[in-house]
Amino acid sequence: MPDIPLGVLDLVPIPSGSTAADALRNSIDLAQHAERFGYARYWFAEHHLNPGVAGTSPAVVLALTASATSTIRLGSGAVQLGHRTALSTVEEFGLIDALHPGRFDLGLGRSGGRPPGQANAAPATVTPVVDGRAPNGLLIPSRFSFERLLGSPRIALQRKLLLLPGAESPDYAEQIDDILALLAGTYRSPEGVEAHAVPGEGADVEVWILGSSGGQSAEAAGARGLRFAANYHVSPATVLEAVEGYRAFFQPSDFLDKPYVSVSADVVVAEDEETARELATGYAAWVRSIRTAEGAIEYPTPEQARAFEWSDEDRELVRDRVDTQFVGSPEQVADGLVQLQEATGAHELLITTITHDHADRVRSYELLAREWSRR
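Every value quoted in this text rests on a predicted model; they were computed, and no experiment measured them.

Peer 1: Report on a nonpolar patch on the surface, specifying residues and quantitative values.
Peer 2: Among the surface-exposed residues, Leu49, Leu157 and Leu161 lie close enough to one another that they form a single nonpolar patch of about 280 Å² accessible area. With respect to the helices and strands, the residue leucine 49 is situated in the loop between β2 (41-44) and α2 (58-68). Under the relative-accessibility criterion, leucine 49 is labelled partly exposed at 40%.

Peer 1: Quick one: what's the story with the pattern of salt bridges, residue by residue and with numbers?
Peer 2: The final tally for this structure, using the stated rule, is 26 salt bridges. In this structure, the salt-bridge partner of aspartate 335 is arginine 375, at a minimum N-O distance of 2.7 Å. Of this pair, aspartate 335 sits in helix α13 (residues 330-344) while arginine 375 sits in the segment after α14 (358-374); the two residues are 40 residues apart in sequence, bridging distant segments of the chain. Among the ionic pairs, glutamate 371 bridges to arginine 375, the shortest N-O distance being 2.8 Å.

Peer 1: Describe the pairing of β2, naming the residues involved and giving the relevant values.
Peer 2: Of the two faces of β2, both are covered, the one formed by Arg41 and Trp43 as well as the one formed by Tyr42 and Phe44. Two strands pair when backbone bridges link them, and strand β1 (residues 6-10) and β2 are joined in this way by 4 bridges, in the parallel orientation. Bridge assignment links valine 8 to a residue of β2, and that residue is tyrosine 42. On the question of chirality, the crossover connecting β1 to the parallel β2 by way of helix α1 (residues 20-37) is right-handed.

Peer 1: Got a sec to walk through unusual backbone geometry? Specific residues and values, please.
Peer 2: With an omega of 15 degrees, the peptide bond running from glycine 77 to alanine 78 counts as cis. Residue proline 199 is bonded to the preceding valine 198 through a cis peptide linkage, with omega at -5 degrees. With respect to the helices, strands and loops of the structure, proline 199 is situated in the loop between α6 (172-184) and β6 (205-211). For leucine 49, which is not glycine, the phi dihedral falls at a positive 55 degrees. In this model, alanine 293 sits at a positive phi of 70 degrees, which is unusual for a non-glycine residue.

Peer 1: Before we move on, can you summarise the nonpolar core with the specific residues and values?
Peer 2: With 80 residues, the main nonpolar core has Leu108, Val263, Leu337 and Leu349 as its most contacted residues. The element contributing the most residues to this core is α6, with 7 residues. Excluding residues within four positions of it along the chain, leucine 349 makes contact with Ile4, Pro5, Leu6, Gly7, Ser262, Val263, Leu337, Leu340, Gln341 and Trp372.

Peer 1: Tell me about the packing of aromatic side chains, residues and numbers included.
Peer 2: This model, assessed by the stated rule, comprises 10 aromatic pairs. Judged by centre distance (5.9 Å) and plane angle (75 degrees), the rings of tryptophan 208 and tyrosine 260 are edge-to-face. Pair noted here: tryptophan 208 is in strand β6 and tyrosine 260 is in the loop between α8 (239-249) and β8 (261-269), with a separation of 52 residues, a long-range link. Overall, the relative accessible area of 0% leaves tryptophan 208 in the buried class. In this arrangement the basic side chain of arginine 291 is found over the ring face of phenylalanine 144, its NZ or CZ atom lying 3.7 Å from the centre.

Peer 1: Before we move on, could you go through α1 and cite the residues and values that matter?
Peer 2: Its 18 residues place the ends of α1 25 Å apart at the C-alpha level, agreeing with the 26 Å of an ideal helix rising 1.5 Å per residue. Turning to α1, its buried residues number three or more, namely Ala23, Ser27, Ile28, Leu30, Ala31, His33, Ala34 and Glu35. The first or second residue beyond α1 is glycine 38, which carries a positive phi of 100 degrees.

Peer 1: Run through empty space enclosed by the protein, naming residues and quoting values.
Peer 2: Empty space among the atoms can be located by rolling a probe the size of a water molecule over them. Considering all chains together, one arrives at 2 cavities of 30 Å³ or more under this definition. The calculated volume of the largest cavity comes to roughly 70 Å³. Together, Pro13, Pro15, Ala23, Asn26, Ser27, Tyr299, Ile354, Thr355, His356, Asp357, His358 and Arg361 line the largest cavity. Within the residue set of the lining of the largest cavity, elements represented by two or more residues are α1 and α14. In terms of residue count, α1 provides more of the lining of the largest cavity than any other element does, 3 residues in total. Along the lines of polarity and charge, the residues of the lining of the largest cavity split into 5 nonpolar, 5 polar and 2 charged.

Rules used in this analysis
Residues numbered from 1 in each chain as written. Predicted model: local features only at pLDDT ≥ 70, side-chain atom pairs only at ≥ 80, totals over all residues. Heavy atoms only, no water. Patch = residues over 30% accessible without salt bridge, like charges linked within 9 Å, V, L, I, M, F, W, Y side chains within 5 Å. Areas by Shrake-Rupley, 256 points an atom, 1.4 Å probe, with all protein chains shown as cover. Salt bridge = Lys/Arg side-chain N within 4 Å of Asp/Glu carboxyl O. Helix = DSSP H or I, 4+ residues; strand = E, 2+ residues; numbered from the N terminus. Buried < 20%, exposed > 50% of the residue type's maximum accessible area, 1.4 Å probe, protein only. Pairing = 2+ DSSP bridges. Right-handed = clockwise from strand over helix to strand, strands pointing away. Core = buried A, V, L, I, M, F, W, Y, C linked by side-chain atoms within 4.5 Å. Contact = heavy atoms within 4.5 Å. Phe/Tyr/Trp six-rings, centres within 6.5 Å; stacked < 30°, edge-to-face > 60°. Lys NZ or Arg CZ within 6 Å of the ring centre and 35° of its normal. Expected span 1.5 Å × (residues − 1). 1 Å grid on protein atoms, 1.4 Å probe; cavity = no way out; pocket = protein on both sides within 12 Å on 5 of 7 lines; lining within 4 Å. Points joined across faces, edges and corners; volume = space filled by probe spheres on them. Nonpolar A, V, L, I, M, F, W, Y, C, P; charged D, E, K, R; others polar.

Here it is as structure tokens:
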């Protein structure tokens, strides 16, 4: 499937027994390997107050990674606009683009701690899902409710610490418009005053919108003719709704004349399925820590993961994520990714892989790239 590029989504995970510095060095090393393996993009996520995740500032990590690579596109997956301004975002990416022009993707997303806003209703999913399967067999599990996360004290504290006292998050769609205007050099205040971001104005960055549903993010991307990245790995139940909502809202623009979609997937590849499943043993415990609002734990070894005590409620809490992780030999995982691509019509796939040992993670990406290029 060489005509369907693969990219990398990196949360900068901290394995148990390691430090944030170790995780950052590992991520830069993985980006160098991904460049050699032929991956098209390397994106960094933004997360806060997670003991096991070091990727708190995509722009900073991107700057470090750009200096260690030369050709692979680099980007944010995504900058969380709920706690920053349009100007600060444009200036940050303008700075790194000034030294490494033409290599950056500015992926924009809503803050994970902000309740969903209102948007025009997205059209109902037209792809029929029967018994939890899309027509081509892709697993579409039941919806997971994020209410528990949004109502947790930790999420409330995160929001408090990220926002200045008394500050309110601007309207998401308006922020996107301001970012596009600042990049283009056309920004005007309601009073008609011009603003020019230096560096930032004219930066050769590719703007993406990330979303998990067919609501506000899909509408914002589609109505502005921007590229859209849907999260199968975060919310597999709503991936079809997300991509179909985006396409329904799409209007041709100076950026695109037709919709362009990337879809993410959690993946672990090894020489055989048994080895891959052993490497993926820690995934369920890691997801559980996120969905209980504890914050992502340091990624456990298989032995540590097996020592966790599980209740039926715990298993149900992570079932959709565990069941939709692609784990196995290169052939098995590539088959699953082809199915994901066909079901969503994705133009690209964004691969996120976490294992406890860095060498296993690098090897997973290598094996997948080799199998993908062979097809």
